[in-house]
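As a plain string of letters, each chain reads:
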Amino acid sequence: MTSPHALSVAMLLADARLPSGGHAHSASLEPALLGGLPVAAVPAWLIGRATTVSLVEAGTAVVTARLLGGAAGTTTPAGAVPADTIPHATIPHATGPDGVRGPAGPASAVLDRVVDAWAARTPAPALRDAARLLGRGYLRLARTLWPDAPEVRAITAYDAVRGPLPRAVVLGAVAGATGLSAADAVRLTVYDDAQTAAAALLKLEPLDPLTPARWVLEACAAAEPQVPRVALCATPEDIPASGSPQTEGWAEAHALLSQRLFRA
Amino acid sequence: MPDTAPESTPESTPESLPGSRPAGRALRLGVAGPVGVGKSSLIATICRALGEELRIGVITNDIYTDEDARFLRSAGVLDPERIRAVETGACPHTAIRDDVTANLLAAEDLERDFDPLDLVVIESGGDNLTATFSPALVDAQIFVLDVAGGGDVARKGGPGIGRADLLVVNKTDLAPHVGVDVGRMVADAAAARENRAVVALSRRDEESVAELRSWVLGVLGRFRAGAHVAQDPGPMAPHFHADEDGGYVHSHDDAPAHDHAHAH
Ligand SMILES: Nc1nc2c(ncn2[C@@H]2O[C@H](COP(=O)(O)OP(=O)(O)OP(=O)(O)O)[C@@H](O)[C@H]2O)c(=O)[nH]1
Ligand SMILES: [Mg+2]
């Protein structure tokens, strides 16, 4: 079977109709509105996310892809691989209890380091829980679509022993498995976050449905200058640490409510 | 964080049933139907009637709140821990059909936390007559109507009414007050269903509860014997097209993307 173009994979992953559980999430928008964010501030809030928390997620995905795929550090394997392309390397199979070993060490140790770095930058338990739920949905998708990819086998093995991985890590494994470039993985993350919030907004506030579509593109544009920098992230330490304490507070309050449309 | 599964209490499997979960998991039973027809009450009735002999878990799909989960917890028919609520992002229909991820994950979690379970009942958020469960989520489904919705609803048909594994005509105790002839309504339903099972139920009528109970045990028995095949009622019920040859039944089974330009 010939492989789909990486752009086709990106479009599949960015499609709101993708059956991986995303429709029950609002990318922190419902918590924000319930916490008092005025609707008029949503465009600015979207730009804020695109240039802070989305970059944490994006950096996590990029580093995961790189470390699982074998391009640890900033070394790019010899050959005609563009600088921002995540090499689609082969991980030797079945070594040790982890089942899978990558060049940067056993896959589980690599994943532990990435997850720790992500968790340190995502202090709100409600947000970590929601990200792990989305990660499980993504993993079901990845296992179904790319069951033989070494990156997918690595995260499947990790999930079975250590529990659910956050979505950004699963996305990174998928990016590695499908040849999605690091820069496009960043753009996908930013777009998906903004579009998720935009779709949720229409369920929460009366609005011309075309209005938030422009806001999504504005958020993507605001993140664009950051894309090259985030696409170069090579180690867990490189992952941006741009947080949003207000979002974290709103997320925690939202998790305690008995009236909500969205999981987070 | 990997959740730690609590110690499962050793219990005996129901002796009247063949095998002990040969499918390796619980029977997943969906309960769908319009708002307020008594889905939660019916689940409470099932728990009351079978809670002694079956290990049951319940998942609710609330629209605005976790009301259904709280109602069931407060009904005292099941350990409150075994009742979980899932958010649907204001799309109860999507959550049971187009993207069942959140419900599947919740079912897996319930089964892991209370291993082994015999039955997981999933309540759909009250929706319209076209909302049915995907066979990717449930093994069997009950569609619920009530007499207060009017005597003609059963005749109007729809995928749930026509082809759910069981149709329940609920709240028969109210029939005299709303001027509905239950016998007539059940006969209409049976005709629309080509004699698939129909139960006329009132939680106050022990005989009807016994009928419901034995239907559930029957499906569970067939599921365990490997003789039950999950049926998809489909997004559309089969319907009759009159034409010069006397008409034909149009089943949609092999034409999921069929264009519905014609008037029904
Ligand atoms: N008279 C009578 N009332 C019933 C019966 N079953 C349920 N009800 C009542 O019908 C109302 C709705 O019942 P629920 O069980 O909450 O209905 P539901 O379908 O779960 O509702 P949603 O989840 O909101 O769609 C409640 O007031 C119940 O007490 C019955 O057998 N007889
Ligand atoms: Mg209910």
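Enquirer: Requested: an account of the overall build of chain B, with residues and values cited.
Expert: Helix and strand content of chain B: 9 helices and 9 strands. The burial tally for chain B puts 52% of its 264 residues in the buried class. Considering only contacts within chain B whose residues lie at least 6 apart along the sequence, 76% involve residues at least 24 apart. About 11900 Å² of surface is accessible on chain B, with carbon and sulfur atoms providing 50% of the total.

Enquirer: An account of the interface of chain A and chain B is needed here, citing residue identities and associated values.
Expert: Each partner contributes residues to the interface: chain A has 23 residues there, and chain B has 21 residues. Across the chain A/chain B interface, buried area totals approximately 1900 Å², and carbon plus sulfur atoms make up 55% of it. Of all residues in chain A, His23(A), Arg136(A) and Leu261(A) give up the largest surface area on contact with chain B, accounting jointly for 34% of the area buried on that side. For the interface between chain A and chain B, the tally reads 3 salt bridges. Its salt-bridge partner being Glu87(B), residue Arg260(A) comes within 2.7 Å of it at the nearest N-O pair. If you look at where chain A meets chain B, you find 9 residue pairs in polar contact (both at pLDDT 80 or more). For the side of chain A that touches chain B, the element with the most residues is helix α6 (residues 125–145) of chain A, which contributes 6 residues. Taken together, the residues that form the side of chain A that touches chain B break down as 7 nonpolar, 8 polar and 8 charged.

Enquirer: Give a description of the environment of Trp250(A) that names residues and reports values.
Expert: Residues and elements named next belong to chain A. Tracing the sequence through the fold places Trp 250 in helix α12 (residues 245–255). Note on Trp 250: relative accessible area 15%, which makes it buried. It is 37 Å that separates the C-alpha atoms of Trp 250 and Pro 147, two residues lying 103 residues apart in sequence. The contact partners of Trp 250, leaving out residues within four places of it in the chain, are Pro 31, Ala 32, Gly 35, Leu 37 and Trp 45.

Enquirer: Could you give me a rundown of the pattern of salt bridges, with the residues and numbers involved?
Expert: When the charged atoms of two side chains lie near each other, side chains of opposite charge can form a pair. Residues and elements named next belong to chain A. The final tally for this structure, using the stated rule, is 25 salt bridges over all chains. The salt bridge partner of Arg 187 is Glu 224, with a shortest N-O separation of 2.8 Å. Taken together, the positions of Arg 187 in helix α9 (residues 182–204) and Glu 224 in the loop between α10 (211–223) and α11 (227–231) put the pair 37 residues apart, joining distant regions of the chain.

Enquirer: Which residues make up the sheet that holds strand β5 (residues 140–146) of chain B, and what are the values?
Expert: Residue and element names in this part refer to chain B. Strand order in the open sheet made by the 7 strands is β3-β2-β4-β1-β5-β6-β7, with parallel pairing throughout. Only two strands of the sheet have a single partner each, and these edge strands are β3 (83–87) and β7 (197–200). The average undirected angle you get between the axes of adjacent strands in this sheet is 20°. When strand β2 (residues 56–62) meets strand β4 (residues 119–123), the two strands line up parallel, connected through 5 bridges. For Thr 60, the partnering residue across the bridge sits in β4 and is Glu 123. Here helix α2 (residues 67–74) sits on the sheet in contact with β2, β3 and β4, set at roughly 145° to β2.

Enquirer: Kindly report on the coordination of the magnesium ion (ligand 2), identifying the contributing residues and their values.
Expert: All names here are of chain B. Binding of the magnesium ion (ligand 2) to the protein goes through Ser 40 (OG), Asp 68 (OD), Asp 68 (OD) and Glu 123 (OE), at separations of 2.1 to 2.7 Å. Considering all 6 donor atoms around the magnesium ion (ligand 2), the spread of angles at the metal, 49 to 175°, places the coordination shape in the irregular class. Positions of the donor residues of the magnesium ion (ligand 2) along the chain correspond to the pattern S-x27-D-x54-E. In this pair, Ser 40 is assigned in helix α1 (residues 39–50) and Glu 123 in strand β4, connecting sequence segments 83 residues apart. The exposure class of Ser 40 is buried, given its relative accessible area of 10%.

Enquirer: Describe a negative patch on the surface, naming the residues involved and giving the relevant values.
Expert: All names here are of chain B. On the surface, Asp 205, Glu 206, Glu 207 and Glu 211 cluster together into a negatively charged patch. Here Glu 211 shows up in helix α9 (residues 206–224). A relative accessible area of 40% places Glu 211 in the partly exposed class.

Cut-off values and rules
Residues numbered from 1 in each chain as written. Chains lettered and ligands numbered in written order. Predicted model: local features only at pLDDT ≥ 70, side-chain atom pairs only at ≥ 80, totals over all residues. Heavy atoms only, no water. Helix = DSSP H or I, 4+ residues; strand = E, 2+ residues; numbered from the N terminus. Buried < 20%, exposed > 50% of the residue type's maximum accessible area, 1.4 Å probe, protein only. Contact = heavy atoms within 4.5 Å. Areas by Shrake-Rupley, 256 points an atom, 1.4 Å probe, with all protein chains shown as cover. Buried area = accessible area lost by both parts, 1.4 Å probe. Salt bridge = Lys/Arg side-chain N within 4 Å of Asp/Glu carboxyl O. Polar contact = N/O pair within 3.5 Å; in protein donor to acceptor, adjacent residues only side chain to side chain. Nonpolar A, V, L, I, M, F, W, Y, C, P; charged D, E, K, R; others polar. Pairing = 2+ DSSP bridges. Axes fitted to C-alpha atoms, helices over the stretch in contact; angles between N-to-C directions. Donors = N, O, S within 2.8 Å, 3.2 Å for Na, K, Ca; no water. Tetrahedral: all angles 85-135°; square planar, octahedral: opposite > 155°, others 65-115°. Patch = residues over 30% accessible without salt bridge, like charges linked within 9 Å, V, L, I, M, F, W, Y side chains within 5 Å. Lys, Arg positive; Asp, Glu negative; His and termini not counted. Charge placed at Lys NZ, Arg CZ, Asp CG, Glu CD.

So far we have only geometry, and geometry alone does not tell us how the molecule works.
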